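Residue strings, one per chain:
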Amino acid sequence: MSGAERVLIAPSILTADFGRLAADVAAAEAGGADVMHIDVMDGHFVPQLSFGPLVLEAVRRATSLPVEVHMMVANPVDQLAPLAEAGADRLIFHLEAAPDPHAAIERTRELGCQAGIAISPPTPASSLEPWLTAIDMVTVMLVHPGRGGQELLADHLPKVGELRRMAEAAGTPLVVEVDGGVKAHNASMCVEAGATLLVAGSAVYNDRETPTEAIAGLHEAIGRTS
């Protein structure tokens, strides 16, 4: 990874206090977050249910940061329009849930959003190769999707470097995001693997520190000074 690349932090609201969601989102932005990350779960692709367009609208009102939506849903094409209309800037669907990734990418573009694809731990990086020149980013899951607070599966980090090499060979710029179990103690490992966007859920929203303190800790861990 080029030393000139700035690694970004994307707090996930999954563990935020929903009684004070707007304040928690604003605190992350004030603390130096770069992107807000929304996990949408439908109870089908993953067993859990989370939230949908109404919560996304609330987050959109509370921040000027870009908002990305990680779609852990069984029929992503059906959900793209409601999420785009609710304020998403980037829509990330799971390769495992999309029988026709091209259709999902095209629909995302039609809606004016950036397109991303996520892969779960069992899915190899090579499965994304046909789509790399058509998307803006990939999300490498370092936990099994559907639940916050899991431990990072470090043996999946090599996928990050593999995807970066594939993108370079294809001549396409690509944001490589990691999601799951990212904390201050392992953030540098993710960056060394080649990640340029780190999703952090319970590392930012927890009962030990404020979002501002947590993000400062992440910045320190990756050597970011601004």
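Everything that follows concerns the structure shown earlier in this document.
Residues numbered from 1 in each chain as written. Predicted model: local features only at pLDDT ≥ 70, side-chain atom pairs only at ≥ 80, totals over all residues. Heavy atoms only, no water.

1. Re the overall build of the protein chain
Part 1: Looking only at helices and strands, the protein chain features seven helices and eight strands.
Part 2: At 16 Å, the protein chain has a C-alpha radius of gyration in line with the 17 Å of a compact globule built from 226 residues.
Part 3: Each of the 226 residues in the protein chain was classed as buried or not, and the buried ones make up 53%.
Part 4: A sequence separation of at least 24 residues applies to 65% of the contacts in the protein chain between residues at least 6 apart.
Part 5: Just so you have it, the protein chain exposes about 9500 Å², and 52% of that area is on carbon and sulfur atoms.
Part 6: Averaging the coordinates of the 14 positive side-chain charges in the protein chain and doing the same for the 29 negative ones gives two points 3 Å apart. (Helix = DSSP H or I, 4+ residues; strand = E, 2+ residues; numbered from the N terminus. Rg over C-alpha atoms; globule rule 2.2 N^0.38 Å. Buried < 20%, exposed > 50% of the residue type's maximum accessible area, 1.4 Å probe, protein only. Contact = heavy atoms within 4.5 Å. Areas by Shrake-Rupley, 256 points an atom, 1.4 Å probe, with all protein chains shown as cover. Lys, Arg positive; Asp, Glu negative; His and termini not counted. Charge placed at Lys NZ, Arg CZ, Asp CG, Glu CD.)

2. Let's talk about the pairing of strand β2 (residues 36-41)
Taken residue by residue, a regular strand's side chains alternate between the two faces of the sheet.
Part 1: In terms of burial, β2 is largely enclosed, as six of its six residues are buried.
Part 2: Taking every second residue as pointing to the same face, both faces of β2 are buried, with M36, I38 and V40 on one and H37, D39 and M41 on the other.
Part 3: Across six bridges, β2 lies against strand β3 (residues 67-72) in parallel orientation. Considered in β3, the bridge of H37 is made with E68. (Pairing = 2+ DSSP bridges.)

3. Some words on the packing of helix α3 (residues 76-85) against helix α4 (residues 101-110)
Part 1: It is the contact of α3 with α4, at a shortest axis distance of 10 Å, that shows an interaxial angle of 10°. With respect to α4, the element α3 is oriented roughly parallel. Facing V77, L80 and A81 of α3, the residues of α4 in contact are A104, R107 and T108.
Part 2: Broken down by class, the residue content of the contact of α3 with α4 amounts to four nonpolar, one polar and one charged. (Axes fitted to C-alpha atoms, helices over the stretch in contact; angles between N-to-C directions. Parallel < 35°, antiparallel > 145°, perpendicular 65-115°, else oblique. Nonpolar A, V, L, I, M, F, W, Y, C, P; charged D, E, K, R; others polar.)

No statement about biological role is implied by the geometric values presented.
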